[in-house]
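# Structural features, examined
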Amino acid sequence: MSKKIQGVLTAIVTTFDRDGAFNPAAQREQVKRQLSAGNGIFCGGTNGEFFVLNEQEKLAVTQTCVDEVNGSAPVVAHIGEISTRETIRLGKQVAKLGVDAVSVITPYFVPLKQEELIAHYRAVADAIDVPLFLYNIPARTGNTLQPETVRTLAAHPNIIGIKDSAGSYESLSGFLQAAVGIDSFDVLNGPDSLIHQGFVDGCSACISGLANVAPKEINAIWARFHAGDIEGSRLAQENVTGLRTDLYSVGFSPAAVKKAVTLLGFEVGDSRYAVSFSAEEEQKIRQIVNQYLQ
């Protein structure tokens, strides 16, 4: 990859039709919506429901996003699976689709030592022909990448950064410190509450699930920061943080995000996993969105 990934990448939802099948036309609509706000695309992640997609669906989602973006913005695809073998197998196929980079979640369910995580990531990075971002989200995987482990992996020529979704400033700061002096390794912020602070501290980009709901509002944090308006960026963050706090209080954040997108009038379908919202909860989500998105 010749160009550094900067700014906002939306952890885009995967769209389904009324029968629960992947809906490419609706996916293209969501990609266009993000592009019009100035955002790149991160597909097949937690907000993209990778854990309930089969392999062919993951490839179809990625291909649809790449085709619609058509080189106008970065596209990063998540390829992490439980096993090293399956991650490599999916990664080799995704690499052929024209993505700018891939992201690899730590293996989940099985607790791993740091040296085992190092071996896993090195094997994947050796096997695929596209740059790789580490992906730290311990609340969902049970495995945490330590800063010293990340610094070790940063020496690999095909590992170009880390997406940190641990959710704390302490975690993000640890990875930023680990990356000091390594120009070829970037830190991407995951929590929507830390977008502004991440940019201030040196993150090159953020991966935002909330951008599905508020694409322009999330992009304003980056756009103002990038233009040198640090206080304007901070104020944009304050509005987004309020939206995040209220919306995520209703239920599992990716499910609440997808429901909010639906209530905004877009046919993205229901989440596939076993989550539901009562009529009262849907009304609360509608009120929250109306309050913050004027």
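Everything numeric in this text was worked out from a predicted model, so none of it was measured.

## As for the pairing of strand E8 (residues 205-208)
- Residues Ala205 and Ile207 point to one face of E8 and Cys206 and Ser208 to the other, with burial holding for every one of them.
- Relative to E8, strand E1 (residues 7-11) runs parallel, the two sharing four bridges. Considered in E8, the bridge of Leu9 is made with Ile207.
- Relative to E8, strand E7 (residues 186-189) runs parallel, the two sharing two bridges. Looking across to E8, one finds that Asn189 is bridged to Cys206.
- For the handedness criterion, the β-α-β arrangement of E7, helix H8 (residues 195-201) and E8 is classed as right-handed.

## What about the sheet that holds E8?
- Spatially, the eight strands close up into a barrel ordered E1-E2-E3-E4-E5-E6-E7-E8, and their pairing is parallel. Averaged over all pairs of adjacent strands, the angle between their axes in this sheet comes to 25°, without regard to strand direction.
- Taken together, the three bridges between E1 and strand E2 (residues 40-43) define a ladder with parallel strand orientation. Note that in E2 the partner of Leu9 across the bridge is Gly40.

## Focus on the pattern of salt bridges
- Within the structure shown, the criterion is met by twelve salt bridges.
- Asp186 is paired through a salt bridge with Lys4; the nearest N and O atoms lie 2.7 Å apart. Of this pair, Asp186 sits in strand E7 while Lys4 sits in the segment before E1, and the two are 182 residues apart along the sequence.
- Taking the shortest distance from any N to any O, the salt bridge between Glu238 and Arg234 comes out at 2.4 Å. Here the residue Glu238 and the residue Arg234 both occupy positions in helix H10 (residues 230-248), the gap between them amounting to four residues, near one helical turn.
- Overall, Arg234 belongs to the partly exposed group, its relative accessible area being 31%.

## Regarding the packing of aromatic side chains
- All told, the structure shown has seven aromatic pairs when counted by the stated rule.
- Relative to Tyr273, the ring of Phe252 has its centre 5.8 Å away and its plane inclined at 75°; by these criteria the two rings are edge-to-face. One end of the pair, Phe252, is in the loop between H10 and helix H11 (253-263); the other, Tyr273, is in the loop between H11 and helix H12 (279-292), and 21 residues separate them in sequence.
- In this structure Tyr273 comes out as buried when scored by relative accessible area, which is 14%.
- Over the ring of Phe42 we find Lys163, and its NZ or CZ is 5.5 Å from the ring centre.

## Some thoughts on the pairing of E7
- Side chains Asp186 and Leu188 of E7 all project onto a buried face; the interleaved residues Val187 and Asn189 project onto the opposite face, where all are buried too.
- As judged from the four bridges shared by strand E6 (residues 159-164) and E7, these two strands associate in the parallel manner. The partner of Ile162 across the bridge, within E7, is Val187.

## Notes on H10
- Counted at 1.5 Å a residue, the expected span for H10 with its 19 residues is 27 Å, and the 26 Å between its end C-alpha atoms agrees.
- Every buried residue of H10 is accounted for by Gly232, Ser233, Ala236, Gln237, Val240, Gly242, Leu243 and Leu247.

## Some details on a nonpolar patch on the surface
- Among the surface-exposed residues, Ile82, Phe109 and Val110 lie close enough to one another that they form a single nonpolar patch of about 330 Å² accessible area.
- Within the element layout of this structure, Phe109 appears in the loop between strand E4 (101-105) and helix H4 (114-127).

## Details of the nonpolar core
- Of all hydrophobic cores here, the largest spans 47 residues; its most connected members are Leu132, Leu134, Leu145 and Phe185.
- In this structure, Leu134 is in contact with Ser103, Val104, Tyr121, Leu145, Val150, Leu153, Ile159, Gly161, Ile162, Lys163 and Phe185, ignoring residues within four places of it in sequence.
- Among the nonpolar cores identified, the runner-up in size contains 30 residues, and Val8, Leu210, Ala255 and Val289 belong to it.

## Focus on H12
- Spanning 14 residues, H12 covers 20 Å between terminal C-alpha atoms, matching the ideal 20 Å at 1.5 Å per step.
- Those residues of H12 that are buried are in contact with H10 and H11.

## A short note on the side chain of Asp164
- Relative to the assigned elements, Asp164 resides in strand E6.
- Summary of buried charges: Asp164 has no salt-bridge partner, and the nearest side chain of opposite charge, Lys163, is 8.4 Å away.
- At a separation of 3.2 Å, a polar atom in the side chain of Asp164 contacts the main-chain amide nitrogen of Ala166.
- In terms of polar contacts, Asp164 uses its side chain to reach the side chain of Ser171, at 2.9 Å.

What counts and what doesn't
- Every residue gets a number counted from 1 within its own chain, in the order that chain's sequence is written.
- Where totals are concerned, whole chains, interfaces and linings use all residues; where local detail is concerned, this predicted model gives features only for residues with pLDDT of at least 70, and gives and counts side-chain atom pairs only at 80 or more.
- The side-chain figures draw on all heavy atoms in the structure; neither hydrogens nor water molecules are used.
- The buried label goes to any residue with under 20% of its type's maximum accessible area, the exposed label to any with over 50%, and the partly exposed label to all in between, with areas taken from a 1.4 Å probe on protein chains only.
- The helix and strand labels rest on DSSP assignments: H or I over at least four residues marks a helix, E over at least two residues marks a strand, and numbering proceeds from the N terminus.
- Two strands qualify as a pair provided DSSP detects at least 2 bridges between them.
- For a crossover, the right-handed case is the one in which the path from the first strand over the helix to the second runs clockwise, viewed with the strands pointing away from the viewer.
- Structural elements are reduced to axes, namely lines fitted to C-alpha atoms, with helices fitted over the stretch in contact, and the angle between N-to-C directions of any two is expressed from 0 to 180 degrees.
- One speaks of a salt bridge when a side-chain nitrogen belonging to Lys or Arg is within 4 Å of a carboxyl oxygen belonging to Asp or Glu.
- Classification of ring pairs uses Phe, Tyr and Trp, with its six-membered ring standing for Trp, and accepts pairs whose centres are within 6.5 Å; under 30 degrees between planes counts as stacked, over 60 as edge-to-face, and the remaining range as tilted.
- In this analysis the charged atom, NZ for Lys or CZ for Arg, is taken to sit over a ring once it is within 6 Å of the ring centre and within 35 degrees of the ring normal.
- How far a helix is expected to stretch is found by multiplying one less than its residue total by 1.5 Å.
- Any residue with relative accessible area above 30% and no salt bridge may belong to a patch, with like charges joined within 9 Å and the nonpolar Val, Leu, Ile, Met, Phe, Trp and Tyr side chains within 5 Å.
- Calculation of accessible area relied on Shrake-Rupley with a 1.4 Å probe; when residues are assessed, cover is drawn exclusively from the protein chains displayed.
- Residue types Ala, Val, Leu, Ile, Met, Phe, Trp, Tyr and Cys, when buried and joined through side-chain atoms within 4.5 Å, form a set referred to as a nonpolar core.
- In what follows, a contact means two residues having at least one pair of non-hydrogen atoms within 4.5 Å.
- Charged-residue counts in this description rest on Lys and Arg as positive and Asp and Glu as negative, His and the chain ends being excluded.
- For this analysis, a polar contact is any N or O atom pair within 3.5 Å, provided that within protein one partner can donate a hydrogen and the other can accept it, and provided that sequence-adjacent residues contribute only side-chain to side-chain pairs.

So, to be careful, I would describe these as geometric facts and stop short of saying anything about function.
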